Amino acid sequence: MMRIHGEHDVERTPAGSMAGFPTMRPRRLRLNANLRRMVRETVLSPSAFIYPLFVRHGRGLQQPIGSMPGQFQWSVDRLPAEIRHIVALGIPAVILFGIPESKDALGSDNYNPDGVVPRAIRTIKDVAPELVVISDMCFCEYTDHGHCGLINLPGAAYYTPHLPDGYLINDLTLDLLGQASVVHAEAGADIIAPSGMIDGMVGAIRRALDASHLEQVAILSYAAKYASGFYGPFREAAESPPQFGDRSQYQMDPANRREALKEVALDIAEGADLLMVKPALPYLDVLSAVRQSSNLPLAAYQVSGEYAMLHAAAANGWLDLQRCALEALTSIKRAGADMILTYFAKEAAEWLDGGA
Ligand code: PBG
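Bear in mind that the values here come from a model prediction, so they are computed numbers and not experimental data. (Residues numbered from 1 in each chain as written. Predicted model: local features only at pLDDT ≥ 70, side-chain atom pairs only at ≥ 80, totals over all residues. Heavy atoms only, no water.)

A. Fine view of the overall build of the protein chain. For the protein chain, the helix and strand inventory stands at 12 helices and 10 strands. Taking 356 residues into account, the globule formula puts the C-alpha radius of gyration at 21 Å, and the protein chain, at 22 Å, falls close to it. C-alpha extents for the protein chain along the principal axes are approximately 75 × 45 × 40 Å. Buried positions account for 51% of the 356 residues belonging to the protein chain. Restricting the contact set of the protein chain to residue pairs at least 6 apart, pairs at least 24 apart contribute 71%. Per element, the accessible surface of the protein chain, about 16700 Å² overall, is 53% carbon and sulfur. (Helix = DSSP H or I, 4+ residues; strand = E, 2+ residues; numbered from the N terminus. Rg over C-alpha atoms; globule rule 2.2 N^0.38 Å. Buried < 20%, exposed > 50% of the residue type's maximum accessible area, 1.4 Å probe, protein only. Contact = heavy atoms within 4.5 Å. Areas by Shrake-Rupley, 256 points an atom, 1.4 Å probe, with all protein chains shown as cover.)

Structure below.
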């Protein structure tokens, strides 16, 4: 038998030399609930949850999102009560998405200090200074065409003839991402989370933050974000569907796994503090590969479609919502996520508190 020091001896034992049935009976450790609890390898806790919040212009609004039961667009004045509730549930962080009053080709509300997200950040920090506020950093909610940066369109002031028409102009977008990140960080964001899959976004944001003496602000990179159909309900929630084309020229092809490791390596080299894989459940293999390739804290985004599917099936009586949601969250953690961005955060915190 091959003997290597450490706790993994059994795994390294060549097949066949470990005692088998009937000496070994794995069911012995499943006999009662406490025993199962003792040998449980993955434990969910609200401290792993990051709750996404949609903040919108207007006043007095808590607007339901049809395709995401239980989720709302909040106007900034309605946030304090919701924030107190989130804090009381033991959830350590929120991530913000903004729905501005007006959109334009430059997505200028994203870098307006009085824009919807900076105002929301200041309000949240007044109510709950310790709550970690993550700002999703992307232009798709702010541009009139719904793409995640500047698009090369004939007639635009920044039209660049040698680039293809309809191309997302990478490096000009980087400048705007840097500016907007500084605005959100100055409003009080603890973490900037670039989600546009723009080449060089992490480095550009790090340089812009540092140049404005915002060295303490961390970057959570959506390092491996796929061009996924599972974002469908989000685009209703954030009112951000692309008006033409899709996001395949910047988001990753769902067929690729090695490429995720390349994206991750680049983002680490550019200074990412935390990494993310998105979506979660259909990409557990990617999550596991990223977990093994890096020691940075790793987040997974259980996206709007993953949430909507479970709700739709539960509404039909086909699945038990609590059981299946917790099973999905556990699987995401088991595959290697330290944290999970999830619309289930509040409900799951309550379920776990009840001993689920
Ligand atoms: C913005 C962004 C999207 C999501 C998070 N940030 C939409 C997209 O890329 O189309 C999706 C989140 C979800 O579906 O829950 N770039």
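B. Quick look at helix α5 (residues 170-187). For α5, built from 18 residues, the straight-helix expectation of 26 Å at 1.5 Å per residue is met to within 8% by its first-to-last C-alpha distance of 26 Å. In terms of burial, α5 is largely enclosed, as 13 of its 18 residues are buried. At the C-terminal side of α5, Gly188 shows a positive phi close to 125 degrees. (Expected span 1.5 Å × (residues − 1).)

C. How the structure looks around a positive patch on the surface. On the surface, Arg25, Arg27, Arg28 and Arg30 cluster together into a positively charged patch. On the secondary structure map, Arg25 appears in the loop between α1 (9-12) and α2 (33-38). In this structure Arg25 comes out as partly exposed when scored by relative accessible area, which is 41%. (Patch = residues over 30% accessible without salt bridge, like charges linked within 9 Å, V, L, I, M, F, W, Y side chains within 5 Å. Salt bridge = Lys/Arg side-chain N within 4 Å of Asp/Glu carboxyl O. Lys, Arg positive; Asp, Glu negative; His and termini not counted. Charge placed at Lys NZ, Arg CZ, Asp CG, Glu CD.)

D. Broad picture of a nonpolar patch on the surface. Nonpolar side chains collect at one region of the surface, where Leu29, Met38 and Val39 lie side by side and expose about 310 Å² of accessible area between them. By the secondary structure assignment, Leu29 is in the loop between α1 and α2.

E. Layout of empty space enclosed by the protein. With the rule as written, the count across this model stands at 1 cavity of 30 Å³ or more. Here the largest cavity defines a volume of roughly 150 Å³. In terms of lining residues, the largest cavity is bounded by 20 residues, among which Cys140, Lys225, Tyr231, Phe234 and Lys278 are the most central. Residue assignment for the lining of the largest cavity shows that the elements contributing at least two residues are β7 (218-225) and α7 (232-237). (1 Å grid on protein atoms, 1.4 Å probe; cavity = no way out; pocket = protein on both sides within 12 Å on 5 of 7 lines; lining within 4 Å. Points joined across faces, edges and corners; volume = space filled by probe spheres on them.)

F. Broad picture of the packing of aromatic side chains. Under the defined criterion, the tally for this structure stands at 12 aromatic pairs. On the numbers, 6.1 Å between centres and 45 degrees between planes, the contact of Tyr301 with Tyr343 is tilted. Of this pair, Tyr301 sits in strand β9 (residues 298-302) while Tyr343 is found in the loop between β10 (339-342) and α12 (345-353), placing the two residues 42 residues apart along the sequence. This pair shows no difference in class: Tyr301 is buried, exactly as Tyr343 is. Each residue in the set Phe54, Phe97, Tyr222, Phe234, Tyr301, Tyr307, Tyr343, Phe344 and Trp351 is aromatic and connected to the rest through ring pairs, giving one cluster. A cation sits over an aromatic face here: Lys278 above Tyr231, 4.5 Å from the ring centre. Lys278 extends its terminal NZ or CZ atom over the ring of Phe234, reaching a point 6.0 Å from the ring centre. (Phe/Tyr/Trp six-rings, centres within 6.5 Å; stacked < 30°, edge-to-face > 60°. Lys NZ or Arg CZ within 6 Å of the ring centre and 35° of its normal.)

G. The packing of helix α11 (residues 321-334) against α12, seen in detail. Axis separation between α11 and α12 bottoms out at 11 Å; the angle between their running directions is 100 degrees. Relative to α12, α11 is oriented roughly perpendicular. In this structure, α11 uses Leu321, Gln322, Ala325, Leu326 and Leu329 to contact α12, whose residues at the interface are Glu347, Ala348, Trp351 and Leu352. Per-class residue counts for the contact of α11 with α12 are 7 nonpolar, 1 polar and 1 charged. (Axes fitted to C-alpha atoms, helices over the stretch in contact; angles between N-to-C directions. Parallel < 35°, antiparallel > 145°, perpendicular 65-115°, else oblique. Nonpolar A, V, L, I, M, F, W, Y, C, P; charged D, E, K, R; others polar.)

H. Focus on the site of the ligand. Around the ligand, the surrounding shell holds 17 residues, and the nearest of these are Lys225, Arg235, Lys278, Ser304 and Tyr343. A distance of 2.6 Å is found between an oxygen atom of the ligand and a side-chain nitrogen or oxygen belonging to Arg235. Among the cavities detected, the one that contains the ligand is the largest cavity. Taken together, the residues of the shell around the ligand sort by class into 8 nonpolar, 3 polar and 6 charged. (Near = heavy atom within 4 Å. Polar contact = N/O pair within 3.5 Å; in protein donor to acceptor, adjacent residues only side chain to side chain. Sits in = over half its atoms within 2 Å of the grid points.)

I. Highlighting unusual backbone geometry. For the bond running from Phe21 to Pro22, omega is 10 degrees, close enough to zero to count as cis. Secondary-structure assignment places Pro22 in the loop between α1 and α2. That bond from Lys278 to Pro279 is cis: its omega, -10 degrees, falls within 30 degrees of zero. As for its position among the elements, Pro279 is in the loop between β8 (274-278) and α9 (284-293). Unlike most non-glycine residues, Met197 shows phi in positive territory, near 55 degrees. Structurally, the position occupied by Met197 is in the loop between β6 (191-194) and α6 (201-211).

Just geometry here; none of it tells us what the structure is for.
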